[in-house]
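Listed below, chain by chain, are the residues.
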Amino acid sequence: MIDIDTAKRLLDFGARIGQGTRANEQLKGAVAIHNILEKHGIAYLADEVGMGKTYVAIGALALFRHYKPDFRALVIAPRENIQRKWIKEMNNFAANNMLFPDLRFGSIERGLVRKPVFCSNLLDFVHEVIMDPRRDFFLRITSFSLPMGSDPDSWFRLRDDLLKELPWLPRDAFSLRSKDAFKDNFAQAICCAIPKFDLVIVDEAHNLKHGWKSSSARNRILSLALGRPLENGEKLLFPSNGFRSKRVLLLSATPIEETYRHLWNQLDVFGLGGKYDELRDDDHTDEEKKEAAAKFLIRRVTNAHVAGCDLTKNQYRREWRHGGVSQHDNPIIIEDDRQRLIVALVQKKVAELLNSEKFNMSFQTGMLASFESFLETTKLKRSDEEGNFDDSEQTDDMDEREGIDVHDINRLSRSYREKFNQEMPHPKMDAMVESLRDSWKTGRKSLVFVRRIASVWDLKKKLDEYYDDWLIQHLKERLPHGAQKKFRKIVGCYKKTKQKLDTREEKKQRVNRVGADTFFAWFFRGDGPRGVVSGANIQRRFIQRGAVYSTFFEENHVMTLLNARAGGVLKKLDEILGIGLAKLRKELQRNSVKYLSRTEKYARADLMDAAQAAALELLKERGKEIKEQAGIIWNEIYQGSIRKPHADEAPDVSEWLEKPTFFTEIRQPERAELRAMLWPEPQNGAELEKFRERQIRAQLLATAARLGHSLIDLYILTINRLGSIDLHTLESSSEENESLDLKRINEYLDLLDNQRRTEKSSRTWGAFDELSEIAQNYNLILDVNLPDANKKPLVETARYFGSLLRQQQPVGGMTGEVNRTLVQQFRMPGYPLVLFTTNLLQEGEDLHTFCSSVYHYGIAWTPSSMEQRTGRIDRVLSQTERRLSSLKDQPSGEDFLQVYYPYLEDTVEVIQVQRVLERMNIFLRLMHEGLKIPKGDCRAINVRASLISERRIPEPIQERLESSFPVQDYTIQGGKKQLAVEREAMEKSLERFQSFGDDYLPGLKIQWEQKPEKGRLMGTVKLSNGRIQPFALFLRSEEERLVARCISPIGRVVLCDIGDIEEKSAKTGFVRIGAILSRDDRSYDLTVEDDVILAAPEYDMNRISRLIRKVVEQAENMEQLHFQSQDMPVEEFEENLAKEGEDERD
Amino acid sequence: MNVTDWRQMCKEENDIEVNGNEVIVKCSDERRHRILIRETEDAYELTAIVAHPALLRGIENVSLRAWQRNRSMQLLGFRLDNRGRLVGETWAPKAGLTRGEFLLLIRRLAAECDHFEYHLTGKDEE
């Protein structure tokens, strides 16, 4: 058992979320979970949503692995997007939350020692675990569903694919008697292939609450694959079957719904229910069951610290329980008589339906189409088709899955349209959309959950129309007089395009709305209308390298480095170099050649880059005090941009050093306040780190300014300068000079500054707001969306940001599968401002960074689902948390997290809302003050009974919540007072390794590279035959021992040659061959590699020289045998050798 | 450490049985694996057979499987030798070699070769 003070010397949970209560709780949780698992073999982490359960689990794993480096882990996530999130968080944890790289969990490079393996399905899992079980595996629970059609061929294919991995399995062991028998056998065969895991982590474990014998085959397959024995005396199919999980950690904020039995069921999936039978036994009291659960379950509650008080989540959420969306605690008011009649008519139809014998006045919670829309809903054609509602497994009845009122609503809808030539209004939908129509004026984000799949697109379409109205009016008011006529024509053209799409949709034809769902998409993205200066046209001018504004968002590093202004750069450069202007121009021209490609006409941005690179080359050699800074810039940006082949000659590029840019001008003293908001100077780190941060921030700002909402302001500014939107106007002003550049840049900066100085309430949300929010939350944005940005070469980050921020839309919709880009964009300021979704985003996705409002437009049938949904925006470092923690005074209602339950009063819907809210209150009490058992399955609502009983919407619980399952003191006290390896020892090991590059190695002539990285050395050996052989040395570990790995490149091949080379070489003796995918993605750099354990330090030189000698000699032999190639210097392979060391290899 | 010494060290281990120039290592699930130890001037070379050619017949892409496994291996590797046997190999430099290191290499090699043998053949013959 580990002590919390010991763990504190290894883990730092505050590194990303800040030191304080939250970080302390996570540390406590990690230690408690570790110790509970050690003691009981089972632990349940049931902290409220958003408290960082993933991180606590990873912390526990890190503690295990620290003491036991070969500790094996398997993580089972609910879905693919969450699988990927787990891997991302593991990497983040190693990078940020380990106080030092212990070479057991965290590597020298601040990555993971054990590489995470993403497994798409069970066969993938088997393949990977066979290849190397000494890694961490990430599966998803849906993989255990084993899709098998009725065609036996699909069964054979599954079997045959498994036999490829395990050729000795008997074919006839796979029963074809029935699907179920086949699946059982398949699962047991999987068990044969996989090793015993020291820890199996199941995320969202409540998905197993119905146990392994439930109607879900998935649970059973998971159970058998992990070695749970069959019951009733059935024999195991294979002798090597057996338990595969030494310890099990279950994670869920909602471990039960109505009964402790659910908890027991989850344990029983892993065969661990036996010790806790009282959980399922009705003879035991609630208190006894609670005591049993408390042995292995911990749950903490969220706290927000607001103006000196701690508030639990029920206290900082403002719930709109009375159905309204405009005024708190007021219902939706239907003012229009026609609408009231429509609602009454629909209720009458629904009541007639429910009164039928089949339904007997009951319906499935959330599954009446009329709750969400009066628009037509597709009729299901087949019984195995997914329903019209998400979570359609709530019922097996085909009619209910379709929506029992769908036919009648469709009929009414058609009739209304025929009569009145418009869609039948739905007051709830209209109120909903109406309340969101100011989103682009305020920049406020909202997350909306629906049940009816089609509602996503119905709501989006309606809101898109409001957006169009706003944007068109916004542009009309701001474009110059000379552009108005043409603009009106453009709008007319857009409306015609939209109408055509609408007509085709009505005819049920396939329609691709991408690029035309809003005026923004049509005008500002993609192709745009022709013959005019559209938003897309302006955007291209800022992005395309040859275009007139291509240098606007570039950095003029030389100008900044010399502290010069436009027109004075060359002069200052010459003052430093002292070679005379004429000679300086010539040198710049000569140096720039290698940065230009062979082409007839050079792009503006390419000329600017070539000029920068050429000048920096001179400065890094002869730049006196600024030599070092010039070297940093050149290394980071221009070293990799040398062209092969390059131009034969270059023009005079010196004028390009005089170009002002957005970033040179925002640096000026008069822009200090603006700069602090948009592009603040990095405070921490060495020169290189600061430079990188500055650059990455600049690229992020530039990308956001050109791709999203901010582009609108840029467009308006440009058109006002041109005076017209005719295309020829733009072309005629293509002659450029510095003063025009400067004027353009200053106009934009003035616009941003004006927005900064104007109260938000008296203007619309603009470029300054979006860009400043990005700047002020830079670290958070990188953390949640772009964790690799800091590791990437700077020349790649712009592309990286571009792919994140492309194809933005003001309103997003998601059904079917997760759109990663849309999710990431929602996690940033800017578009999309509203996201409509089904339960697809209910679990696992973090959507909290810039959103404080959630709407349960379509209600879920379990309180746990409702809680999971709200939890998407209620998490550590949420926008709400950041806002509340910065308040000095008592918060107002607007400051809280807003939770809406829109519904219409005086409709059947109010009954279901009442029921769900009652259960949510009960759920809160269950989790915090003891567990009680409510009666009955509440999926179906009995309308008659509900109408008779008193109708009263339950109010939210206001008192402070206290968990029934806190962390107990004994779980964070342990005997282990020492870490397995201390920080100082690790630092000494690193120094020891780095010293290999300083020392003479016996028997070898080595030229070491001058820029060693931590844990990595590169050099070239001069062989006795006169040839050279480059190599790299890396520091690794094997259990508690240090290992040196040596890699030496041989040559470049295509994939099909690798097997041949491997075979020929291996026959001549032991040699291990590696392959790194080269940048062109078509060929591989082959390498020879080997390792040696480091013994006592006095033997280092002997061992290291023997290792290097062995590897380079083998590499030289291979090179001679297979390539007969010329010797290549280490620079040729440097980048790939570095990748090899970081295990980014094939 | 000399040849005599390495035998002495292995004799004290419950899971390792010395037999001439070989050791037999007990692996997990009651399985075992044999390793041959060969001494050179400055190192010990440890070799274990994963599977003989007869057992490899009918299994596709053995060479490629070996190569794929090597991609994630540390301290040891696999190959097809000139007799068509799938073998696993590692080496231990004599300079500074300790008992702990030597036993670690023996156990790792045995475990990995046994693991590979199991997955390819289902048997425990080596």
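Computed from a prediction, not measured in an experiment: that's the story for all the values here.

### A short note on the overall build of chain A
Looking only at helices and strands, one finds 44 helices and 23 strands in chain A. Counting all 1146 residues of chain A, 60% fall into the buried class. Expressed as a percentage of contacts within chain A between residues at least 6 apart in sequence, the contacts between residues at least 24 apart total 72%. Surface summary for chain A: the accessible area is close to 46,700 Å², and the carbon and sulfur share equals 47%.

### Examining the overall build of chain B
For chain B, the helix and strand inventory stands at four helices and six strands. Computed over its C-alpha atoms, the radius of gyration of chain B comes to 14 Å, within 12% of the 14 Å expected for a compact globule of 126 residues. Seen through its C-alpha atoms, chain B measures out along the principal axes to roughly 40 × 30 × 25 Å. Burial statistics for chain B: of 126 residues in total, 57% are counted as buried.

### A look at a positive patch on the surface
A cluster of basic side chains, namely A:Lys476, A:Lys485, A:Arg488, A:Lys489 and A:Lys495, defines a positive patch on the protein surface. Relative to the helices and strands, A:Arg488 resides in helix H19 (residues 481-506).

### So, the pairing of strand E1 (residues 42-45) of chain A
All names here are of chain A. Alternating positions in E1 separate into two faces, Ile 42 and Tyr 44 on one and Ala 43 and Leu 45 on the other, with burial throughout. Where E1 meets strand E6 (residues 248-251), four bridges bridge the pair, whose relative direction is parallel. Paired with Leu 45 across the strands is Leu 251, a residue of E6. Where E1 lies against strand E7 (residues 297-298), two bridges are found, and the strand directions are parallel. Across the sheet, the residue bridging to Leu 45 is Ile 298, located in E7.

### Notes on the packing of helix H6 (residues 122-131) of chain A against helix H3 (residues 62-71) of chain B
Between H6(A) and H3(B), whose axes approach to 9 Å, the crossing angle comes to 75°. Considered as vectors, H6(A) and H3(B) are oriented roughly perpendicular to each other. For the pair formed by H6(A) and H3(B), the contact residues are A:His127, A:Ile130 and A:Met131 on the first element and B:Arg65, B:Gln68 and B:Arg69 on the second.

### Some words on the confidence of the model for chain B
Summarising the model, chain B shows a mean pLDDT of 88, and 97% of its residues fall at 70 or more. Model confidence for the complex is summarised by a pTM of 0.79, with the ipTM given as 0.94.

### Comments concerning the sheet that holds strand E3 (residues 116-118) of chain A
All names here are of chain A. Here we have seven strands laid out as an open sheet, ordered E3-E4-E2-E5-E6-E1-E7, and parallel in their pairing. A single partner strand is all that each edge strand has here, and the edge strands are E3 and E7. One ladder, built from four bridges, connects strand E2 (residues 73-77) with strand E4 (residues 136-140); its direction is parallel. Across the sheet, Ala 77 pairs through a bridge with Arg 140, a residue of E4. Contacts between H6 and the sheet are confined to E2, E3 and E4, with E4 contributing the most and set at about 170° to the helix.

### Things to note about the environment of A:Cys493
By the element assignment, A:Cys493 lies in helix H19. For the pair formed by A:Cys493 and A:Pro529, sequence separation is 36 residues and the distance between their alpha carbons is 8.5 Å.

### Some points on helix H29 (residues 687-707) of chain A
With 21 residues, H29(A) extends 30 Å from end C-alpha to end C-alpha; this agrees with the ideal 30 Å at 1.5 Å per step. With 17 of 21 residues buried, H29(A) lies mostly within the body of the structure.

### Some points on the interface of chain A and chain B
With 48 residues of chain A in contact, the opposing surface of chain B contributes 41 residues. Overall, the association of chain A and chain B removes approximately 4,000 Å² of surface from exposure, summing both partners, and the carbon and sulfur fraction of that is 53%. Summed over the shared surface of chain A and chain B, the number is four salt bridges. Here A:Arg1106 and B:Asp42 are joined by a salt bridge, their closest N and O atoms 2.8 Å apart.

### Some thoughts on the packing of helix H23 (residues 569-577) of chain A against helix H25 (residues 604-622) of chain A
Residues and elements named next belong to chain A. Where H23 contacts H25, the axes come no closer than 10 Å and their chain directions differ by 30°. As judged from the angle between their axes, H23 and H25 are roughly parallel. Every pair of crossing elements has a handedness; the one defined by H23 and H25 is left-handed. On the side of H23, the interface is formed by Leu 573, Ile 576 and Leu 577, while H25 contributes Ala 615, Leu 618, Leu 619 and Arg 622. For the contact of H23 with H25, the per-class residue count stands at six nonpolar, no polar and one charged.

### What about the side chain of A:Arg992?
With respect to the secondary-structure elements, A:Arg992 resides in helix H41 (residues 983-994). A polar side-chain atom of A:Arg992 sits 2.6 Å from the main-chain carbonyl oxygen of A:Ala1095.

### Overview of the environment of A:Lys461
Within the secondary structure layout, A:Lys461 lies in helix H18 (residues 453-478). In this structure, the C-alpha to C-alpha distance between A:Lys461 and A:Asp527, residues 66 residues apart in sequence, is 21 Å.

### Some details on the sheet that holds strand E12 (residues 445-449) of chain A
Whether parallel or antiparallel, the strands of a sheet pair through hydrogen bonds between backbone atoms. All names here are of chain A. An order of E10-E16-E15-E12-E14-E13 is seen for the six strands of this open sheet, with the pairing classed as parallel. Of all the strands in the sheet, just strand E10 (317-320) and strand E13 (811-814) have a single pairing partner and so form its edges. Across this sheet, the average inter-strand angle for adjacent strands is 15°, counted without regard to direction. Strand direction decides the pairing type here: strand E15 (residues 851-856) and strand E16 (residues 897-900), joined by three bridges, are parallel. If you follow Ser 853 over to E16, its bridge partner there is Gln 898. Strands E10, E12, E15 and E16 of the sheet are contacted by helix H37 (residues 863-871), whose axis makes an angle of about 150° with E15.

### Topic: the pattern of salt bridges
All names here are of chain A. For the structure shown, the criterion picks out 89 salt bridges over all chains. In this structure, the salt-bridge partner of Glu 747 is Arg 721, at a minimum N-O distance of 3.0 Å. Linking Glu 747 in helix H32 (residues 738-757) with Arg 721 in helix H30 (residues 710-722), this pair joins segments that are 26 residues apart in sequence. By sharing partners, the salt bridges in this structure join Arg 671, Glu 673, Asp 750, Asp 753, Arg 756 and Arg 757 into a single network.

### Comments concerning the confidence of the model for chain A
All names here are of chain A. The predicted model of chain A has a mean per-residue pLDDT of 86, with 86% of residues at 70 or higher. In the model, residues 381-385 has pLDDT below 50 throughout and makes five contacts with residues more than four positions away in sequence or in other chains. Contacts from residues 930-937, a stretch scored under 50 in pLDDT, to residues over four places away or in other chains number 15 contacts.

### Topic: the packing of aromatic side chains
All names here are of chain A. Considering all chains together, one arrives at 45 aromatic pairs over all chains under this definition. On the numbers, 5.4 Å between centres and 50° between planes, the contact of Phe 553 with Phe 662 is tilted. In this pair, Phe 553 is assigned in the loop between helix H21 (535-543) and helix H22 (557-561) and Phe 662 in helix H27 (residues 662-665), connecting sequence segments 109 residues apart. Its relative accessible area of 7% is what places Phe 553 among the buried residues. Aromatic ring contacts, followed pair by pair, group Trp 440, Tyr 467, Trp 470, Phe 487, Tyr 494, Phe 519, Phe 520, Trp 522, Phe 523, Phe 524, Tyr 715 and Tyr 831 into a single cluster. Sitting over the ring of Trp 634, Lys 620 keeps its end group 4.2 Å from the ring centre. Of note, Lys 659 hangs over the ring of Trp 656, and the distance from its end group to the ring centre comes to 5.3 Å.

### Describing the environment of A:Asn635
Residues and elements named next belong to chain A. With respect to the helices, strands and loops of the structure, Asn 635 is situated in helix H26 (residues 627-638). Relative accessible area serves as the criterion here: at 34%, Asn 635 is assigned to the partly exposed category. Sequence separation between Asn 635 and Ala 7 is 628 residues; the distance between their C-alpha atoms is 39 Å.

### Digging into the pairing of strand E5 (residues 77-80) of chain B
Residues and elements named next belong to chain B. Where burial is concerned, the two faces of E5 agree: the one with Gly 77 and Arg 79 and the one with Phe 78 and Leu 80 are both buried. Inspection of the sheet shows E5 paired to strand E6 (residues 86-93) by four bridges, in the antiparallel sense. Pairing of Leu 80 across the sheet is with Leu 86, part of E6. Between E5 and the antiparallel strand that follows it, E6, lie five residues; Gly 84 among them carries a positive phi value of about 80°.

Basis of the calculations
- Residues numbered from 1 in each chain as written.
- Chains lettered and ligands numbered in written order.
- Predicted model: local features only at pLDDT ≥ 70, side-chain atom pairs only at ≥ 80, totals over all residues.
- Heavy atoms only, no water.
- Helix = DSSP H or I, 4+ residues; strand = E, 2+ residues; numbered from the N terminus.
- Buried < 20%, exposed > 50% of the residue type's maximum accessible area, 1.4 Å probe, protein only.
- Contact = heavy atoms within 4.5 Å.
- Areas by Shrake-Rupley, 256 points an atom, 1.4 Å probe, with all protein chains shown as cover.
- Rg over C-alpha atoms; globule rule 2.2 N^0.38 Å.
- Patch = residues over 30% accessible without salt bridge, like charges linked within 9 Å, V, L, I, M, F, W, Y side chains within 5 Å.
- Salt bridge = Lys/Arg side-chain N within 4 Å of Asp/Glu carboxyl O.
- Lys, Arg positive; Asp, Glu negative; His and termini not counted.
- Charge placed at Lys NZ, Arg CZ, Asp CG, Glu CD.
- Pairing = 2+ DSSP bridges.
- Axes fitted to C-alpha atoms, helices over the stretch in contact; angles between N-to-C directions.
- Parallel < 35°, antiparallel > 145°, perpendicular 65-115°, else oblique.
- pLDDT = per-residue confidence, 0-100.
- Expected span 1.5 Å × (residues − 1).
- Buried area = accessible area lost by both parts, 1.4 Å probe.
- Left-handed = near helix turned anticlockwise from the far one by under 90°.
- Nonpolar A, V, L, I, M, F, W, Y, C, P; charged D, E, K, R; others polar.
- Polar contact = N/O pair within 3.5 Å; in protein donor to acceptor, adjacent residues only side chain to side chain.
- Phe/Tyr/Trp six-rings, centres within 6.5 Å; stacked < 30°, edge-to-face > 60°.
- Lys NZ or Arg CZ within 6 Å of the ring centre and 35° of its normal.

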